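Residue-level structure breakdown
As a plain string of letters, each chain reads:
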Amino acid sequence: MRIFVYLTRDVATHTLAVSFVLFLVVFSGRFIKYLAEAAMGSLSADVLLPVMLFKLPSFFELILPLALFIGILLSLGRMYAESEMVVLKACGTSPARLAGYLLVPGALIMCLVALLTLYLGPEGSARAQRLLDNPRNAEGLQLMAAGRFKSQRGGELVTYTERIDKAGVMHNVFVVEEQSGTDATQVTLAEEAEIITDATTNRRYLELRGGTRYSGVPGEPAYEAVAFSRFGELIPEKRDSLRASTRIDATPTAELVTSDDPRKRATLWWRLSLPFLVPVSVVIALALSKTDSRRGRYARLGPALALFLVYFLALTQARSFMESGGGGGAMLLTHLCFAAFAVCLLYWESLSLGIFGKKHGSV
């Protein structure tokens, strides 16, 4: 029990410290990415901080497994470097018993990751999605700023709206757009405009109502005028944008279970697989933490992180395979392969002695 408490306390201390550092790195990186989208006009800067706070559970889904992995490497690396592990082995502490000790905090992290990825993460993403879908918070290429002219795309697009009411409806809209590669210009006047979302595709459109569009070349008398009662224009959206990524993350897990969409099924398998990343990575960290005082406590940190990265990339490739129509067996097979590899690493000394010992005896 003393060994278990001592080991758990040391691993927990390192895990908390690494989690804090990783959180700062991930949070600042995501904030810079979202800030760049706001600077390009893809979303309103006013919602950046609330969206980031709502997406915190999604950040910790990956931070906690990696932090525990690094925490075990640092803790056991120190114990190997200071010969504490030699004493434990001399007292009869086997690799299986060490794995049992470490899997206890690993099980707690596993349950926490399952809670984050299956419930808290989707719930936070859903609240962030509601903020992003609010017309007053949604700025984009074709959206206007109330009471002022807004120049976009290097001056090729100029927009103006007199006011925006509480419902997000824009009144007295004016849009001038230069056609790329030609001298033609389009001028659109509309009484109202509103951002609408298609319920089937979840794509956003700018719907203009009660207006006229004029098309022609400035300086020439030939202009074409088209009157319309309703005119919709698609708002372009990148696949990896904040709004696009949040939409699939905001889908409740119960809805993913009953869906036949390959992308949603891949998301379900991804949420289920993240908790199982924890126990496998715990065994890998235990197996790769062995060092000595001459090499130092950080000797195995680089190869171990490289192996963890390969494991994570294999899971992402399995997810991409499922999104393209493949089965969930790819993700399950990935976990089984790395679990078997982790066990082989843990008992590598015994296996190598058994194999090479038999060969030496036969000679």
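Anyway, here's the lowdown on the structure attached to this text.

Conventions and cut-offs
Residues numbered from 1 in each chain as written. Predicted model: local features only at pLDDT ≥ 70, side-chain atom pairs only at ≥ 80, totals over all residues. Heavy atoms only, no water. Helix = DSSP H or I, 4+ residues; strand = E, 2+ residues; numbered from the N terminus. Buried < 20%, exposed > 50% of the residue type's maximum accessible area, 1.4 Å probe, protein only. Polar contact = N/O pair within 3.5 Å; in protein donor to acceptor, adjacent residues only side chain to side chain. Contact = heavy atoms within 4.5 Å. Expected span 1.5 Å × (residues − 1). Bend = angle between axes of the 7 residues up to and from the residue. Patch = residues over 30% accessible without salt bridge, like charges linked within 9 Å, V, L, I, M, F, W, Y side chains within 5 Å. Areas by Shrake-Rupley, 256 points an atom, 1.4 Å probe, with all protein chains shown as cover. Salt bridge = Lys/Arg side-chain N within 4 Å of Asp/Glu carboxyl O. Pairing = 2+ DSSP bridges. Core = buried A, V, L, I, M, F, W, Y, C linked by side-chain atoms within 4.5 Å.

On to the side chain of Asp10, then. Position of Asp10 among the secondary structure elements: in helix 1 (residues 2-39). A relative accessible area of 14% places Asp10 in the buried class. In this structure the side chain of Asp10 is engaged in a polar contact, spanning 2.3 Å, whose partner is the side chain of Ser75. Apart from the residues within four sequence positions on either side, Asp10 is in contact with Ser75 and Arg78.

Our next topic: helix 3 (residues 56-81). An ideal rise of 1.5 Å per residue puts 38 Å on 26 residues; helix 3 measures up with 36 Å between its terminal C-alpha atoms. The axis of helix 3 is deflected most strongly, by about 30°, at Ile63, and proline Pro65 appears within four residues downstream. Of all 26 residues making up helix 3, 22 are buried, and the element is well covered by its neighbours. Of the residues trailing helix 3, Ser83 is marked for its positive phi of about 65°.

Here the focus is helix 8 (residues 262-288). Here helix 8 contains 27 residues, and its C-alpha end-to-end distance of 36 Å stays within 8% of the 39 Å for a straight helix at 1.5 Å per residue. Along helix 8, the sharpest change in direction is near 30° and occurs at Leu274; proline Pro275 comes one to four residues later. By the criterion of burial, helix 8 is predominantly enclosed, with 19 of the 27 residues buried.

Taken together, the side chains of Phe20, Val21, Leu24 and Val25 define a hydrophobic patch exposed on the protein surface, amounting to about 390 Å² of accessible area. Its location among the elements puts Val21 in helix 1.

This part is about the pairing of strand 4 (residues 185-197). The pairing of strand 3 (residues 170-178) with strand 4 spans eight bridges and is classified as antiparallel. Paired with Phe174 across the two strands is Leu189, which belongs to strand 4. Summarising the sheet, strand 4 and strand 5 (residues 204-216) pair through twelve bridges and their orientation is antiparallel. When the sheet's bridge partners are listed, Ala190 is paired in strand 5 with Gly211.

Right, let's get into the nonpolar core. Of all hydrophobic cores here, the largest spans 53 residues; its most connected members are Phe69, Ile72, Leu76 and Leu102. Those elements that provide at least two residues to this core are helix 1, helix 2 (48-54), helix 3, helix 4 (84-90), helix 5 (95-133), helix 8, helix 9 (301-323) and helix 10 (329-346). Contact partners of Ile72, with chain neighbours within four places excluded, come to Val11, Gly77, Leu102, Val282, Ala285 and Leu286. Grouped together as the second largest cluster of nonpolar side chains are ten residues, Val173, Val175, Ala190 and Phe228 included.

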